[in-house]
Amino acid sequence: MRERAYFDWNATAPLREAARQALQRALAIPGNPSSIHAEGRSARRLVEDARERVAELAGAHRADVVFTSSGTEANALALTPFIETASEKRPRDWLFMSAIEHSSVRAGGRFSREATEDLPVDADGRLDLAALMQALTPASRPLVSIMLANNESGVIQPIAEAAALVHAAGGLLHVDAVQAAGRIACDIGALGADLLTLSAHKIGGPKGVGALIRARNDIHFADPLIRGGGQERGLRAGTENVAGIAAFGAAAAAAVAEGAGEAAAMLALRNQLEAGLKAITPQAVIFGESAARLPNTTLFALPGMKAETAVIAFDLEGIAVSSGAACSSGKVQPSHVLAAMGVSPALTQAAVRVSLGWATTERDIERFLDAWRKLGTALSKGRA
Ligand code: PLP
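This structure is a prediction, so every number in the text was calculated from the model and none was measured.

Rules and cut-offs
- Residues numbered from 1 in each chain as written.
- Predicted model: local features only at pLDDT ≥ 70, side-chain atom pairs only at ≥ 80, totals over all residues.
- Heavy atoms only, no water.
- Helix = DSSP H or I, 4+ residues; strand = E, 2+ residues; numbered from the N terminus.
- Polar contact = N/O pair within 3.5 Å; in protein donor to acceptor, adjacent residues only side chain to side chain.
- Contact = heavy atoms within 4.5 Å.
- Pairing = 2+ DSSP bridges.
- Axes fitted to C-alpha atoms, helices over the stretch in contact; angles between N-to-C directions.
- Core = buried A, V, L, I, M, F, W, Y, C linked by side-chain atoms within 4.5 Å.
- Buried < 20%, exposed > 50% of the residue type's maximum accessible area, 1.4 Å probe, protein only.
- Arc of directions from axis to C-beta.
- Right-handed = clockwise from strand over helix to strand, strands pointing away.

Visitor: I tried to follow the side chain of Arg141 on my own but got confused; where do I start?
Guide: Looking at the element boundaries, Arg141 is found in the loop between α5 (129-136) and β6 (142-147). A distance of 2.9 Å separates the side chain of Arg141 from the backbone oxygen of Pro91, its partner in a polar contact. There is a polar contact of 3.4 Å between the side chain of Arg141 and the side chain of Asp93. Once you skip the residues sitting within four places of it in the chain, Arg141 turns out to touch Glu88, Arg90, Pro91, Arg92, Asp93, Trp94 and Gly170.

Visitor: What exactly am I supposed to notice about the sheet that holds strand β12 (residues 297-301) here?
Guide: Across a sheet, paired strands are connected by hydrogen bonds in the backbone, their directions being either parallel or antiparallel. Sheet architecture is open: three strands sit in the order β11-β12-β14, paired in antiparallel fashion. One side of each edge strand has no neighbouring strand; the edge strands of this open sheet are β11 (285-286) and β14 (352-355). Against the sheet, helix α8 (residues 242-280) touches β11, β12 and β14, its axis set at about 15° to β12.

Visitor: For this particular structure, what's the right way to read the nonpolar core?
Guide: By size, the foremost hydrophobic cluster in this structure holds 53 residues, and its most contacted members are Val54, Phe67, Leu148, Leu196, Leu198, Ile213 and Phe248. For this core, the element with the highest residue contribution is α8, accounting for nine residues. When sequence neighbours within four positions are dropped, the list of residues in contact with Ile213 reads Val54, Ala58, Ala60, Asp64, Val65, Ile188, Asp194, Leu195, Leu196 and Leu198. Core analysis: the second largest hydrophobic core is formed by 40 residues, Val352, Leu369, Trp372 and Leu375 among them.

Visitor: How should unusual backbone geometry be read in this particular structure?
Guide: Phi is mostly negative for residues that are not glycine, and the peptide bonds are mostly trans. Of note, the phi angle at Glu232 is positive, near 50°, even though the residue is not glycine. By secondary structure assignment, the location of Glu232 is in the loop between β10 (220-221) and α8. Accessibility expressed as a relative area gives 8% for Glu232, which makes it buried.

Visitor: Looking at this model, I keep getting lost on α5. Mind explaining?
Guide: Given 3.6 residues per turn, any residue in an α-helix points the same way as the ones three and four places further on. Every buried residue of α5 is listed here: Ala131, Leu132, Ala135 and Leu136. Around the axis of α5, the buried residues are gathered within 130° of arc, so they sit on the same side. On the buried face of α5, the contacting elements are β4 (94-98), β5 (116-119), β6 and α6 (159-168). N-capping of α5 is provided by Asp128, with a side-chain oxygen placed 3.1 Å from the backbone N of Ala130.

Visitor: Sorry if this is basic, but what is going on with the pairing of β6 here?
Guide: Side chains on a regular strand alternate between the two faces of the sheet. The buried fraction of β6 amounts to six of the six residues, a majority that puts the element mostly inside the structure. Covered by surrounding structure in β6 are Pro142, Val144 and Ile146 together with Leu143, Ser145 and Met147, the residues of both alternating faces. Relative to β6, β4 runs parallel, the two being bridged by four bridges. Within β6, the residue paired with Trp94 across the bridge is Pro142. The pairing of β6 with strand β7 (residues 172-176) spans five bridges and is classified as parallel. Residue pairing for β7: Leu143 is matched across the bridge by Leu172. For the crossover from β6 across α6 to β7, the handedness is right-handed.

In short, the description is geometric, and any link to function would need to be established separately.
In structure tokens, the structure reads:
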């Protein structure tokens, strides 16, 4: 296969070398972490080492990390009326979430539709804090879910401000940090979050592993999703995915050690890409451009372009980009994120997401811009 340039890191990142090695080492250990013999203890050590590393990425205590099968499952575990704290044992009545959350949050967990309410964002894709404040006033014991950074636009949300409002109303704040981890700081304490979701495959770990992290050990789930053998302190039954968890830990350690440097490099390349994009097609719109964004994400559109056609045309040029969010069904859905930002349906249909990662090079950017020079104008006229 000829050389390709991968620009779909928000869909998934390649496995980091340290994670691959951790995965392979762990696969060679036969024990079950719940067994007390030497093999079991070896497996347990891998899980607990990984817990320490994932906790470090989130600035949390290791005992407050619950491993799950994905970011999706971590979100589903978090979103329940039956979260108890030392001072509040009664069920939460309301779930508030931003209108731009990932589908796994939008599904609402174990809250009914009637008890779930969307909060608007502004034209840059940032949560409307005044709307949050208003929503919280009459509500009782709310749970609020706001992502740290959006997967489509990369726009960073005002979490610390939201946390202050939520806590003043006696609520709890869940933060989906799946896209933010490894790219910007996600210290659970600094953010003011009560619960934080991470996913291994966005930071260079394997697919199919995630974590829900609690800010304090008095936060308890009275209705865990999966009951059984009591693993993960009773919050997530099932024999642990030891190899996946070990590799998640290795990826988290790499993100802690190298994330800031990688982010600076990505930002320089992303800025180069956006400058080139605008020079070639000045009519291109970059969504959320004036808001704080992840250093690796550009969501843009060219009036008249069809995103699916653009994705295919780029693919034929050896370049992987995506049209908005990756969609498991293969069907392209109109972006709820752009709709919430008030973008017209016509422009929404033209939106292409380009996301970079630690392995992105200047050569990749040049290849993207060469392809865009060739495709851009033709695509806006429906001729690519
Ligand atoms: N949350 C956000 C913001 C995401 O972008 C994703 C995946 O794209 C998820 C949650 C789900 O994570 P996972 O793929 O591990 O289920």
